[in-house]
Amino acid sequence: MVNLKINNNPVSVPEGTTILEAAAKLGLKIPTLCHINWDCFHVEHRSGSCRICVVEVTGKPNLAPACCTPVAEGMDVHTNTMRAIQARRTVLELLLSNHPKDCLVCTKNQNCNLQSLASEFNIQTIRYEGEQTKLAVDDNGAAIRRDMSKCIMCRRCETACNVVQTVGVLSGVNRGFNATVAPQNFLPLDQTACVFCGQCVLACPVGALTEISYKDEVWQALNDPSKTVIVQTAPAVRVAIGEKFDMQPGEISTGKLVAALRRLGFAKVFDTDWSADLTIMEEATELFGRIKSGKNLPLLTSCCPGWVNFLEHQFPDQLHMPSTAKSPQQMFGAIAKSYYADLIGVDPSDLVVVSIMPCLAKKYEAGRPEFAPNGVRDVDYVLSTRELASMIKEAGVMFNSLPDEDYDDPLGESSGASVIFGASGGVLEAALRTAADWILNAQPDGSIAYFEDAADSPIDFVAVRGLEGIKEATVKIGDLELKAAVVSGLGNARKLLEKIRSGESQYHAIEIMACPGGCINGGGQPYSFCSCGGSDVLEARKNAVYRADEGKAIRKSHLNPSIIKIYKDFLGHPNSELAHKLLHTHYCAKK
Amino acid sequence: MTCCCEKTESALEKLARLEPEKTAQLNAFIDTLPIGKDIESNRAHLIIALHQAQGIFGYLPSEVQQLIAERLKLTRSEIYGVISFYSYFTDKPIGRFKINVCCGTACFVKGANLVVEQFSRELNIKEGETSADGRFFLGVLRCVGACSLAPVVMVNERVYGNVTPAMVSQIIADCKD
Ligand code: SF4
Ligand code: SF4
Ligand code: SF4
Ligand code: FES
């Protein structure tokens, strides 16, 4: 242990601890801007570039950056000397002097680290004036908007993209005053290998990286009497949107979410959880088939469009591995524009499908040409959790005092297996619940008893839960020893895929989610996680997902009555010809 | 049904088709480098690879950057980061006539900046740019060591001394393909 004093308070910390961490132990928050510690993913970004965290160390001529200075025995640190305070203010004023300062009309208004520092430091005037960086906004594509005139060069996005995700499309370019962060040759993001996971957006402390918004388009549709506008909500939205309304992280606000969407004017409020159950039917059927034939193993999940993009760009030789099942969002869209449009007698082009997603890759996915049969998109607009919260506020809907309401039929009923899609491990666990019943209920003729429960079958596969990046489990189902792996974060996915490609690892099934921790940490979720820099918010969201599962009477997808009904009335059976046409897709190499 | 499958040729295929000899030359050079799995040690060979590539191709278009990225197992954005950091490297083709105006102290006091402005007006390009017809590049240098001749202009290997803005059109006229 190392003993030191901070503001005359003694503290002992392990060797290698930074002044910043030691101060936190004493309940002292030293301001930071470029530093971020994703402790639950074991990645720390310590570029030491902004110098907003400087403190005075007795005997040292220069001020020390607290975020990247390790403690030393007998160190005497003062965080709030006049010199340190002045230096920090000067740093901030210089940053502000080259900043557009259009906070009132910035998407990050009230969610910006630079803005809150200016307020905490009580900056009243900016003494420096000078040239301002002017760079064109990149809002090509469907998901991410880059306005680098707002960039403060903390380079957190680079760490998110290059170290956490290993996608590697962002890099510091140019130098001096012209320095900025950009893809190769300043290409727009949609012409690079970007997968639109949005982890860089979550990492950005200011308004330089944000989503492309479709709020206006949705308002227009809602106000167009010739359109029937329906909405689906992804599993991870219900455990996070409350944070935008001052609820504690991890509060489940499903009922209020449904009520708020009705108040906004959506004709029907449906649930992506419903189509997640449908996804399990299709995916588990594939898994069952591949296990039986022993061919084309492992089966990789395909519900994360960020991961699908990564596979298409980085592993174009492995496109046969994922399930061909579409993501729950696209399954919902396909059923809505066929079965449901028919049911209510509305032309698919007059039915507008909006999805509320924790995800920015879903914005890209909804625009893929193969998901627009005859030019009519299956999913018209995708809003992030954040965008929906802002629409609810704009509309004056008092979220916190709304009653709990239920989803509409027939695309609203769901099992506990679907809600856990929101956390890393959930898709695999849901698939295992269903596949286990099918294997235990083995039919003499080899067919599947699709909608039967099995006695004493397992429900909780706890080994695949949690925020760890790579989880492995061997599950015994009857005589079968099923080997499974769960990966979240694309850097981890790369590691595992390389092992599979080389034949070093063998599994039956693997779940992959692009965002570390799964969709609870999706690029469209409330920013609370990045500003606190800790794992408690994610942990709370994750626990909420599993609480929601436990609270459900039905916890297996194949026992969901509305799923049974749509196969009886419309699709026939899983992997039927019609199911293939509507619910399955293929992947394209991108190079 | 249309989809995202790209049927167009990739950037590397395009490069190999348009510049087969230069591509082979660069590949042969990279073959001599001890490139391995370790990205950190591959990174050490980046500058030399870029230097060779610029020597071979004259500049570093995005396809060449991509080739180097794939051979050294680095990302394209990182390579562009390095290219854009060093003024020596360029990702744009350089004109056949490289007009460099010395802006070292001696030349500058004697009005080199006016000479730059005059070139810029007559060629309709800014400093660091190449004219649309690919003939002229306009750059500035920091002292070529001929201060007694200030202001000095170099066009490829040829040196002009005591240059005034009035001489600029003649210098341009001297450039014959
Ligand atoms: S969205 Fe993901 S892949 Fe794209 S630049 Fe950001 S971090 Fe990289
Ligand atoms: S874009 Fe945002 S995260 Fe990236 S360097 Fe700039 S301010 Fe930092
Ligand atoms: S993990 Fe979830 S939020 Fe992240 S890209 Fe995949 S689907 Fe979207
Ligand atoms: S927070 Fe320490 S240098 Fe930026």
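Residue indices follow the written sequence of each chain, beginning from 1 at its first position. Starting at A for chains and at 1 for ligands, labels are handed out in the order in which the entities are written. Totals for whole chains, interfaces and linings use every residue, but because this is a predicted model, local features are given only for residues with pLDDT of at least 70 and side-chain atom pairs only at 80 or more, for both listing and counting. Think of the side-chain values as coming from all heavy atoms in the structure, minus any hydrogens and water.

### Focus on the overall build of chain B
Here is step 1: Think of it this way: any DSSP run of H or I at least four residues long counts as a helix, any run of E at least two long counts as a strand, and we number them from the N terminus. Helix and strand content of chain B: nine helices and four strands.
Here is step 2: Along chain B, helices (α) and strands (β) appear in the sequence α-α-α-α-α-α-β-α-α-β-β-β-α when read from the amino end.
Here is step 3: Taken over C-alpha atoms, the radius of gyration is set against a globule rule of 2.2 Å times the number of residues to the power 0.38. A compact globule built from 177 residues would reach a C-alpha radius of gyration of about 16 Å, whereas chain B, at 20 Å, exceeds it by more than 25%.
Here is step 4: Judged by the C-alpha coordinates and their principal axes, chain B covers about 60 × 40 × 25 Å.

### So, the domain arrangement of chain B
Here is step 1: What fixes the domain bounds is an automatic or database domain assignment. With domains assigned, chain B is organised as domain 1 (11–85) and domain 2 (97–174).
Here is step 2: Taking only C-alpha atoms, the centre of domain 1 of chain B and the centre of domain 2 of chain B are 32 Å apart.

### Here we look at helix α4 (residues 156–164) of chain A
Here is step 1: Counting buried positions along α4(A) yields seven of nine residues, so the element is predominantly enclosed.
Here is step 2: The complete set of buried residues in α4(A) reads A:R156, A:C157, A:E158, A:T159, A:A160, A:C161 and A:V164. Summary of the burial criterion: residues with accessible area below 20% of their type's maximum are buried, those above 50% are exposed, and those between are partly exposed, where the area comes from a 1.4 Å probe applied to protein chains only.

### Focus on the domain arrangement of chain A
All names here are of chain A.
Here is step 1: What the domain assignment lists for chain A is domain 1 (2–95), domain 2 (98–212) and domain 3 (217–583).
Here is step 2: For domain 2 and domain 3, the distance between their C-alpha centres works out to 30 Å.
Here is step 3: In this description, contact between two residues means that some pair of their heavy atoms is separated by no more than 4.5 Å. In this complex, domain 2 contributes 24 residues to the contact, which on the side of domain 3 involves 27 residues.
Here is step 4: By convention, the term buried area covers the 1.4 Å-probe accessible surface removed from two parts as they join, with the contributions of both added. Between domain 2 and domain 3, the buried area comes to about 2,000 Å², and carbon and sulfur atoms account for 56% of it.
Here is step 5: Taken as a group, V195, L202 and E211 account for 29% of the area that domain 2 buries against domain 3, more than any other trio of residues on that side.
Here is step 6: Salt bridges are defined by distance alone: a side-chain nitrogen of Lys or Arg within 4 Å of a carboxyl oxygen of Asp or Glu. Inspection of the domain 2/domain 3 interface yields one salt bridge.
Here is step 7: Between E211 and R386 there is a salt bridge, and its shortest N-O distance comes to 3.0 Å.
Here is step 8: Here a polar contact is taken to be a pair of N or O atoms separated by no more than 3.5 Å, where protein atoms must pair a possible hydrogen donor with a possible acceptor and residues adjacent in sequence count only if both atoms sit in side chains. Taken together, domain 2 and domain 3 are joined by 10 residue pairs in polar contact (both at pLDDT 80 or more).
Here is step 9: Listing elements by their share of the side of domain 2 that touches domain 3, those giving two or more residues are α5 (199–203) and β11 (209–211).
Here is step 10: Each residue gets one label: Ala, Val, Leu, Ile, Met, Phe, Trp, Tyr, Cys and Pro are nonpolar, Asp, Glu, Lys and Arg are charged, and the others, such as Gly, are polar. Residues belonging to the side of domain 2 that touches domain 3 are distributed by class as follows: 14 nonpolar, eight polar and two charged.

### Notes on the interface of chain A and chain B
How big an interface is tends to be expressed through the accessible area that disappears when the partners come together.
Here is step 1: Between chain A and chain B, the contact holds 23 residues from the first and 20 residues from the second.
Here is step 2: Taken together, the two surfaces of chain A and chain B that pack against each other cover about 1,800 Å², and 56% of this comes from carbon and sulfur.
Here is step 3: Summed over the shared surface of chain A and chain B, the number is zero salt bridges.
Here is step 4: Looking at the side of chain A that touches chain B, the element that brings in the most residues is strand β9 (residues 171–173) of chain A, giving three residues.
Here is step 5: Residues belonging to the side of chain A that touches chain B are distributed by class as follows: 11 nonpolar, seven polar and five charged.

### Digging into the side chain of A:T18
Here is step 1: Looking at the element boundaries, A:T18 is found in the loop between β2 (9–13) and α1 (19–25).
Here is step 2: Apart from residues lying up to four places away in sequence, A:T18 is in contact with A:R46, A:A66, A:C67, A:C68, A:T69, A:P70 and A:V71.

### Some words on the state of the cysteines
Residue and element names in this part refer to chain B.
Here is step 1: By convention in this document, the label disulfide applies to cysteine sulfur atom pairs within 2.5 Å. For the structure shown, the criterion picks out zero disulfides over all chains.
Here is step 2: C107 carries a free sulfur, and the closest cysteine sulfur to it, the one in C102, is 3.6 Å from it.
Here is step 3: Assessed through its relative accessible area of 3%, C107 is described here as buried.

### Section: the packing of aromatic side chains
Two measures describe an aromatic ring pair: the distance that separates the ring centres and the angle between the ring planes.
Here is step 1: Centres within 6.5 Å are what make two rings of Phe, Tyr or Trp a pair, Trp counting through its six-membered ring; a difference in plane orientation under 30 degrees is then read as stacked, over 60 as edge-to-face, and the rest as tilted. Applying the stated rule across the entire model yields 16 aromatic pairs over all chains.
Here is step 2: Here the aromatic rings of A:F310 and A:F315 are separated by 6.2 Å at their centres, their planes lie at 50°, and the arrangement is tilted.
Here is step 3: Where B:F85 meets B:Y86, the ring centres are 5.1 Å apart and the plane angle is 80°; that geometry is what we call edge-to-face.
Here is step 4: Grouped by ring-pair contacts, the aromatic residues A:F288, A:W438, A:Y450, A:F451 and A:Y567 constitute a single cluster.
Here is step 5: For a ring to carry a charge above it, either NZ of a lysine or CZ of an arginine must fall within 6 Å of the ring centroid while also lying within 35 degrees of the normal to the ring plane. Taking the ring centre of A:Y527 as reference, the NZ or CZ of A:K108 above it sits at 4.3 Å.

### Focus on the site of ligand 1
Here is step 1: We call a residue near a molecule or strand as soon as one heavy atom of that residue lies within 4 Å of the molecule or strand. Around ligand 1, the structure places A:I144, A:C161, A:V167, A:V169, A:L170, A:C194, A:V195, A:F196, A:C197, A:G198 and A:C200.
Here is step 2: Residues of the shell around ligand 1, tallied by class, amount to 10 nonpolar, one polar and no charged.

### Considering the nonpolar core
Here is step 1: Nonpolar cores were defined as sets of buried Ala, Val, Leu, Ile, Met, Phe, Trp, Tyr and Cys residues, with membership established by side-chain atoms within 4.5 Å. Counting 163 residues, the largest nonpolar core has A:F266, A:L278, A:W307 and A:I335 as its most contacted members.
Here is step 2: Ranked by residue count, the leading element in this core is helix α10 (residues 328–344) of chain A, at eight residues.
Here is step 3: Setting aside residues up to four positions removed in sequence, A:L278 forms contacts with A:M331, A:I335, A:I563, A:I566, A:Y567, A:L571 and A:L583.
Here is step 4: Residues B:V101, B:F119, B:F136 and B:L138 belong to the second largest nonpolar core, which totals 24 residues.

### Some points on the environment of B:A150
Residue and element names in this part refer to chain B.
Here is step 1: With respect to the helices and strands, the residue A150 is situated in the loop between β2 (136–141) and β3 (153–155).
Here is step 2: You can call A150 buried: its relative accessible area is 3%.
Here is step 3: With 45 residues separating them along the chain, A150 and T105 place their C-alpha atoms 9.5 Å apart.
Here is step 4: Not counting the four nearest positions on each side in its chain, A150 is found in contact with A106, C107, K110 and N162.

### Side note on empty space enclosed by the protein
Residues and elements named next belong to chain A.
Here is step 1: Site definitions follow a grid-based scheme: protein atoms alone, a 1 Å grid, a 1.4 Å probe that fits but cannot get out for cavities, and for pockets an open set with protein on both sides within 12 Å along at least five of seven lines, plus lining residues having an atom within 4 Å of a point. Grid points are joined across faces, edges and corners, and a volume is the space filled by probe spheres set on the points. Scanning the entire structure with this criterion turns up seven cavities of 30 Å³ or more.
Here is step 2: Lining the largest cavity we find 15 residues, and of these P235, P328, K362, F421 and C519 sit closest to its centre.
Here is step 3: A breakdown of the residues in the lining of the largest cavity according to their chemical character gives 11 nonpolar, three polar and one charged.

### Details of the confidence of the model for chain B
Parts of the model with low pLDDT should not have their predicted coordinates read in detail.
Here is step 1: Per-chain confidence: chain B averages 91 in pLDDT, with 98% of residues scoring 70 or above.
Here is step 2: The complex prediction reports pTM at 0.91, with the ipTM value standing at 0.80. A residue's pLDDT is simply how confident the predictor is in it, with values from 0 to 100.

### Looking at the side chain of A:R541
All names here are of chain A.
Here is step 1: Within the secondary structure, R541 is located in helix α17 (residues 536–550).
Here is step 2: Look at R541 and you get buried, because its relative accessible area is 1%.
Here is step 3: Of the polar contacts made by the side chain of R541, one reaches the backbone oxygen of P526; its length is 3.3 Å.

### Points about helix α12 (residues 385–394) of chain A
Residue and element names in this part refer to chain A.
Here is step 1: Counted residue by residue, α12 has seven buried out of 10 residues, so it is predominantly covered.
Here is step 2: Buried residues of α12: T385, R386, E387, L388, A389, M391 and I392, and no others.
Here is step 3: In the segment just after α12, G396 is the residue with positive phi, at about 70°.

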